[in-house]
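Observations on the three-dimensional arrangement
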Amino acid sequence: MAALRDAEFAALQSLLKAPSKDAVRQLCQECFSSPPAAFGPLAQRACPGLAAGPEEAEQLVSALHNLTRHVVYCGLTRAEDILSLFPENFHQNLKNLLTKIILENISVWRNEAQASQISLPRLVDMDWRVDIKTSSDSIIRMAVPTCLLQLKIQEDAALCGNNPVVSALTVELSKETLDTMLEGLGRIRDQLSAVANK
Amino acid sequence: SQQFSALTEVLFRFLTEPKEVERFLAQLSDFATMNKISLGPLKNIVKSILLVPNGALKRNLSSEQVKADFIALGLSEEKASYFAEQWKVNSPTLTRLAVGQTLMINQLIDMEWKFGVTAGSSELEKVGSIFLQLKLVIKKGSQLENVYVELTLPQFYSFLHEMERVKTSLESFS
C-alpha cells in the first residue's frame, strides 16, 4: 500500500521553505494530532510562508497528517522502512529530516493513537466507603454494614472531542454481593495469569 | 387449641414467605371451611393478629415480650406461649427478611465480564493490548439498568485490590 499519492509528496516539498528544523518538527506533531476537520485552521495558522495559497497549505497539512499516520498504522520502526516510503526523486535532506522527526515521535504517537481508539466507556476513577445501617422504616435497630462504590466513567473520547463527558455512578453492594463479585474478579485474575503464562 | 396451632402455622408460613399471598389466602379459606367459621370474620381476626409480629419485628422484641403483648391483648397463657415459641423459632428468618427490605440505592444485582485482546484498529494495524469489559446490572428504583465499562489491566488489578480492602472492612464490622 503506497503511503501517499505523488501529489501529496509534491506538497511535502513545500517544507523546504520552512524557517527552521524545529518549525518542521512542530508542524509534524500538530498535523499528526489534528483531525481532518481541523486541517483548514491549522494550515492557516501554521504555514503562512510555506505555501502559495490556502489550498496548498491545506494540502501540505493533509499530506503530513497522512504520512505520519501511515507510519504509525504500519508500526514501522526502522529508518530504512520509513525512507523507502518516499519516491526516488524526493529531496534527500528533507527526506532524512522527516524520517528523523518521525522516529523521534513514533512511540508518543503510537500511545496517542491507542488512547484515542474507540472503546466502551472507560473507568477513570473509583472510590468507596463502608456505611453501617443502623435503622430503617422496616426495622428500628440493626447494624448492617454495606458498601457504597462510586465509579467515574468517561464516555468514548472520540465522540466527545475535547470535552469528555464523565459520569459518576454510585452503586450499593451488600456483603453477599461483594463476595460474589470478588469471586468473579478472582476468576478473571486466574484466567489472566493463565493467558500470561502461556 | 389444635385449631390455634394450625392457624399459627398458617400465619408463620405467610410471614416467612410474604410473597405467597395466594397460598396464604387459600390456606385461610381451607381453615375456615374445616372449622366451620366464615371467612370474613376470620380475615379480620388474622389482620389484627398479624399486627403483633410486624410490630415486634420492627422493634426487635424478644419472645417473652411478644408473649406478654399477646396476654395483654387477652389471649390465654397457653396460646400466647405457643405463639411466642413459634416466634423464637422463626425470628432469624423474619429479621433477615426485614433487613432485606431496607432501602438500597442503586443496588448491584449482577456483573458479567469478558476480556480479550485488541488485535488492530483503524489507527494501528497491530495492537495486541488486553481489554477487560464489565457489564453491571443495577437496580434503579424498580427498573434494571445495564452499565458497560472498559478497564485496562492495571485498572483491573487496582479495582480487585480495592474490593478486597472493602471486604476486609465489611467483615470487621459484621
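Residues numbered from 1 in each chain as written. Chains lettered and ligands numbered in written order. Predicted model: local features only at pLDDT ≥ 70, side-chain atom pairs only at ≥ 80, totals over all residues. Heavy atoms only, no water.

What follows deals with the overall build of chain A. Looking only at helices and strands, chain A features 8 helices and 3 strands. Ordered by position from the N terminus, the helices and strands of chain A form the series α-α-α-α-α-α-β-β-α-β-α. Counting the 198 residues in chain A, one finds 43% classified as buried. In chain A, the proportion of contacts linking residues at least 24 apart, taken out of those at least 6 apart, comes to 55%. With the model as given, the accessible surface of chain A reaches about 10700 Å², and the carbon-plus-sulfur share is 52%. (Helix = DSSP H or I, 4+ residues; strand = E, 2+ residues; numbered from the N terminus. Buried < 20%, exposed > 50% of the residue type's maximum accessible area, 1.4 Å probe, protein only. Contact = heavy atoms within 4.5 Å. Areas by Shrake-Rupley, 256 points an atom, 1.4 Å probe, with all protein chains shown as cover.)

This part is about the overall build of chain B. The helix and strand tally for chain B stands at 6 helices and 3 strands. Buried positions account for 37% of the 174 residues belonging to chain B. A separation threshold of at least 6 residues defines the contact pool for chain B, and within that pool the share at least 24 residues apart is 42%.

Residue and element names in this part refer to chain A. In contact at an axis separation of 11 Å, helix H2 (residues 21-33) and helix H3 (residues 39-46) are set at 170° when each is read in the N-to-C sense. What the angle tells us is that H2 and H3 run roughly antiparallel. On H3, the residues that touch Leu27, Glu30 and Cys31 of H2 are Leu42, Arg45 and Ala46. Classifying every residue of the contact of H2 with H3 gives 4 nonpolar, no polar and 2 charged. (Axes fitted to C-alpha atoms, helices over the stretch in contact; angles between N-to-C directions. Parallel < 35°, antiparallel > 145°, perpendicular 65-115°, else oblique. Nonpolar A, V, L, I, M, F, W, Y, C, P; charged D, E, K, R; others polar.)

Residues and elements named next belong to chain B. Of note in the backbone geometry, asparagine 60 takes a positive phi value of approximately 55° without being a glycine. Position of asparagine 60 among the secondary structure elements: in the loop between helix H3 (39-58) and helix H4 (63-72). Even without glycine at this site, asparagine 106 takes up a positive phi of about 50°. Mapped onto the elements of the fold, asparagine 106 is located in the loop between helix H5 (77-100) and strand E1 (107-118).

It is worth spelling out the pattern of salt bridges at this point. All names here are of chain A. Counted by the stated rule, this structure contains 19 salt bridges over all chains. The salt bridge involving lysine 133 is made with glutamate 172; its shortest N-O contact spans 3.0 Å. With lysine 133 in strand E1 (residues 122-133) and glutamate 172 in strand E3 (residues 166-173), this pair connects stretches of sequence that are 39 residues apart. What makes glutamate 172 buried here is its relative accessible area of 5%. (Salt bridge = Lys/Arg side-chain N within 4 Å of Asp/Glu carboxyl O.)

Contact residues are listed per partner, giving 53 residues for chain A and 55 residues for chain B. Both sides together, the interface formed by chain A and chain B hides about 5100 Å², and carbon and sulfur atoms give 71% of it. Our count for the chain A to chain B interface comes out at 3 salt bridges. One salt bridge in this structure joins B:Glu164 and A:Arg189, with 4.0 Å as the shortest N-O distance. Here chain A is connected to chain B by 17 residue pairs in polar contact (both at pLDDT 80 or more). Put simply, the parts of the chain that give the side of chain A that touches chain B at least two residues each are helix H4 (54-74), helix H6 (92-115), E1, strand E2 (144-154), E3 and helix H8 (175-197) of chain A. (Buried area = accessible area lost by both parts, 1.4 Å probe. Polar contact = N/O pair within 3.5 Å; in protein donor to acceptor, adjacent residues only side chain to side chain.)

Right, let's talk about the side chain of A:Thr99 for a bit. Residue and element names in this part refer to chain A. Tracing the backbone shows threonine 99 in helix H6. A polar atom in the side chain of threonine 99 sits 2.8 Å from the backbone oxygen of lysine 95. The contacts of threonine 99, once residues within four sequence positions are left out, are Ala79, Ile82, Leu83 and Phe86.

Our focus in this paragraph is H4(A). Residues and elements named next belong to chain A. Taking 1.5 Å of rise per residue, the 21 residues of H4 would be expected to cover 30 Å, and the 30 Å separating its terminal C-alpha atoms lies within 8% of that figure. Listed in full, the buried residues belonging to H4 are Ala57, Leu60, Val61, Ala63, Leu64, His65, Leu67, Thr68, His70, Val71 and Val72. Looking at the buried residues of H4, the elements they touch are helix H1 (6-12), H2, H3, helix H5 (79-83) and H6. Taken from the residues just after H4, glycine 75 is the one with a positive phi, measuring 70°. (Expected span 1.5 Å × (residues − 1).)

Mean pLDDT over chain B stands at 84; residues scoring 70 or higher make up 99%. Here the prediction assigns the complex a pTM of 0.69, and the interface score ipTM is 0.70. (pLDDT = per-residue confidence, 0-100.)

So, about the environment of A:Val144. Structurally, A:Val144 can be placed in strand E2. Using a relative accessible area of 23% as the deciding quantity, one classes A:Val144 as partly exposed.

Now for the environment of A:Leu120. With respect to the secondary-structure elements, A:Leu120 resides in the loop between H6 and E1. With relative accessibility at 28%, the residue A:Leu120 sits in the partly exposed group. For the pair A:Leu120 and A:Ile153, spaced 33 residues apart in sequence, the C-alpha separation works out to 9.9 Å. Sequence-distant contacts of A:Leu120, defined by excluding residues within four places in its chain, comprise B:Gln133, B:Tyr148 and B:Glu150.

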